[in-house]
Amino acid sequence: MKIAIIGGGISGLSCGYYLTRNGHDATVFDPAPGGSIGSVNIEGCILETGPESWLAMKPWAEQLIRELGLGDELTGSNDAGRRTYVLRHGRFVTLPEGLQMVVPTRIWPVVESQLFTWETKFRMAIEMFRSPKAMPDRSVSEFVADHFGQEAVAYLAEPLLAGVYGGSPDDLSAASVLPKFVEYEQRYGSVVVGTMRDKRKPSGQSIFKTMRHGMGTLIDTLISRVNLIRSRVEAVSPSESGWQIYVAGHWQDFDHVVLACGANRAAPLIAPADARLGELLAAIPYTSSCIWTFGYRRSDVPHPLDAFGFLVPKPERRAIMACTWLGTKWAGRVPDDKAVFRCFSTDPDVSREAALDDLNRLMDLTAEPIFAINNRWPDSMPQYSVGHTARVAEIDARAAQIPGFSLIGNAFHGIGIPDCVRSAQKAAERIGAAHVQ
Ligand SMILES: Cc1cc2nc3c(=O)[nH]c(=O)nc-3n(C[C@H](O)[C@H](O)[C@H](O)COP(=O)(O)OP(=O)(O)OC[C@H]3O[C@@H](n4cnc5c(N)ncnc54)[C@H](O)[C@@H]3O)c2cc1C
């Protein structure tokens, strides 16, 4: 069986790897493999063009990395220095300890915090006394405001989720983005009670994991294990024996096609074969983002850099919405005599001057950076907007009806790297099983 995988980001490459490992004839097509993942080394600093890590509690990326023989490359965030600042009235305020995403699980850090007014602290305290209820899907803003008030939306939910999804909590679906908390609401009424009951013992491992020499190591290794054609697929068409794809000026025959190029790019490819599926895929909104990474001499940075970085909530925001202090978050990525700031913005066009103005103001910097790199990611972040679960259920059902066809990637069942690897692995298993029958 010949399988074409269209798109060689982490989803397509890992699907290609699993299929090839299982003895299938799989080819990955992508003019720019790796998608948003890539690493560069500048002045001895290991920098990421896109994602810098993944959540360690989701095991699928790590399992793949170990299987590839890259176990020694795995490294965890420096959690001893784990602290995040949030900008409030122009000053850095520590994010209270014990927060699980937007849910407080310890009383004193919240009581003592300067991040919230007494009204919000009171809302957080009485949230424990809610009764169970089932609600239709609603936005993250509505969900969080209902439980903790509007200030918790502005100073917790918005900056935390914008960093992950690059979108607004007014649009994101609570059921898709905060599924555990929605379940607690239904079971206990209170998400605080649900989170405290479910509080797992710390595993002892770091919260975030990455690759010692950069995330690009994973991509390079996957590329070396798959059959990759660095070309863009222009069209896809069902044929009598399976599928034809139009690439590099020719039609080529395949038995199975996997679309791993993002819902927005998959939509026009599949629409001629299934217009409704094309419509459903096109209905998944995408947002853009941009990363400016600035390197300095450590001696030019007066701040002690005693945190992973800072978040800038919308009411306080100019250009930067989050900044990671790389040398504090990761051991071995930034030499001691340097300081590196990775500045994230949801405005894809943010200029060097605007990002630097913001950074200089917030970090009291006066020296010029010794390097600056910019990575823009237009239309790269699928938004799990209200109704996402229902939309994806229809997408899955329609895709399953199309013979020899699979859809994978970050737009459906999880946006993180481990979720992408899991979706690829599951598709490879399904394709393998169908081939055996
Ligand atoms: C700036 C940024 C920061 C992120 N940070 C994190 C993080 O810290 N942790 C985390 O877990 N996740 C993070 N993510 C999310 C995660 O990186 C992505 O969800 C994941 O990499 C998506 O992989 P993918 O293979 O599904 O899609 P993509 O990486 O988008 O790959 C799709 C590929 O399809 C190719 N393609 C498109 N059209 C065609 C065509 N017609 N023919 C052939 N190829 C085509 C493209 O060239 C691309 O390489 C981040 C994302 C971004 C953008």
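Computed from a predicted model, the values in this text were never measured in an experiment.

Engineer: I keep staring at the sheet that holds strand β13 (residues 233-238) and nothing clicks. Help me out?
Structural biologist: By way of backbone hydrogen bonds, the strands of a sheet pair with one another, either parallel or antiparallel. Taken in spatial order, the three strands make up an open sheet running β13-β14-β15, and their pairing is antiparallel. With partners counted over all chains shown, the strands left at the sheet margins are β13 and β15 (250-254), one partner each. When strand polarity is set aside, the average angle formed by the axes of neighbouring strands in this sheet is 25°.

Engineer: How should I be thinking about helix α8 (residues 179-188) in this particular structure?
Structural biologist: Given 3.6 residues per turn, any residue in an α-helix points the same way as the ones three and four places further on. Looking only at α8, the buried set comprises Phe181, Val182, Tyr184 and Glu185. Along the axis of α8, the buried residues cluster in a sector spanning 155°; they form a single face. Taken together, the buried residues of α8 touch β10 (103-104), α7 (174-177) and α9 (191-197). Among the residues trailing α8, glycine 189 stands out with phi positive, at a value near 85°.

Engineer: What is the right way to read the sheet that holds strand β6 (residues 74-76) from this model?
Structural biologist: The sheet built from three strands is open, its strands ordered β5-β11-β6 with antiparallel pairing. Two strands lie at the open edges of the sheet, namely β5 (54-55) and β6, each paired on one side alone. Alignment of β5 against strand β11 (residues 208-211), held across two bridges, turns out to be antiparallel. In the strand pairing of β11, tryptophan 54 is matched with lysine 209.

Engineer: Would you explain the domain arrangement of the protein chain in this entry?
Structural biologist: Accessible area lost when the parts come together is the quantity often used to give the size of an interface. Split by domain assignment, the protein chain resolves into domain 1 (2-37 + 214-285 + 383-436), domain 2 (39-80 + 286-382) and domain 3 (98-197). The C-alpha-based centres of domain 1 and domain 3 are spaced at 35 Å. Residue-level contacts link eight residues of domain 1 with 11 residues of domain 3.

Engineer: Looking at this model, I keep getting lost on the nonpolar core. Mind explaining?
Structural biologist: Generally speaking, nonpolar side chains in soluble globular proteins are found buried as a group. Within the largest apolar cluster, 62 residues are counted, with the highest numbers of intra-cluster contacts made by Val140, Ala157 and Cys343. Here this core takes nine residues from helix α6 (residues 150-165), the largest share from any one element. A domain split of this core shows at least three residues from each of domain 2 (39-80 + 286-382) and domain 3 (98-197). Here alanine 157 is in contact with Val102, Val140, Ser141, Val144, Ala152 and Pro169, once residues within four sequence places are set aside.

Engineer: What am I meant to see in the site of the ligand here?
Structural biologist: With respect to spatial proximity, 37 residues lie near the ligand, and among them Gly7, Gly9, Gly35, Pro51 and Asn410 are the closest. Class assignment for the residues of the shell around the ligand results in 18 nonpolar, 15 polar and four charged. Two domains each donate at least three residues to the shell around the ligand, and these are domain 1 (2-37 + 214-285 + 383-436) and domain 2 (39-80 + 286-382).

Here is what the cut-offs are and how they apply
- Residues numbered from 1 in each chain as written.
- Predicted model: local features only at pLDDT ≥ 70, side-chain atom pairs only at ≥ 80, totals over all residues.
- Pairing = 2+ DSSP bridges.
- Helix = DSSP H or I, 4+ residues; strand = E, 2+ residues; numbered from the N terminus.
- Axes fitted to C-alpha atoms, helices over the stretch in contact; angles between N-to-C directions.
- Buried ≥ 20, exposed ≤ 12 C-beta atoms within 10 Å, placed from the backbone.
- Arc of directions from axis to C-beta.
- Contact = placed C-beta atoms within 7 Å.
- Domains from an automatic or database assignment.
- Core = buried A, V, L, I, M, F, W, Y, C linked by C-beta atoms within 7 Å.
- Near = placed C-beta within 6 Å.
- Nonpolar A, V, L, I, M, F, W, Y, C, P; charged D, E, K, R; others polar.

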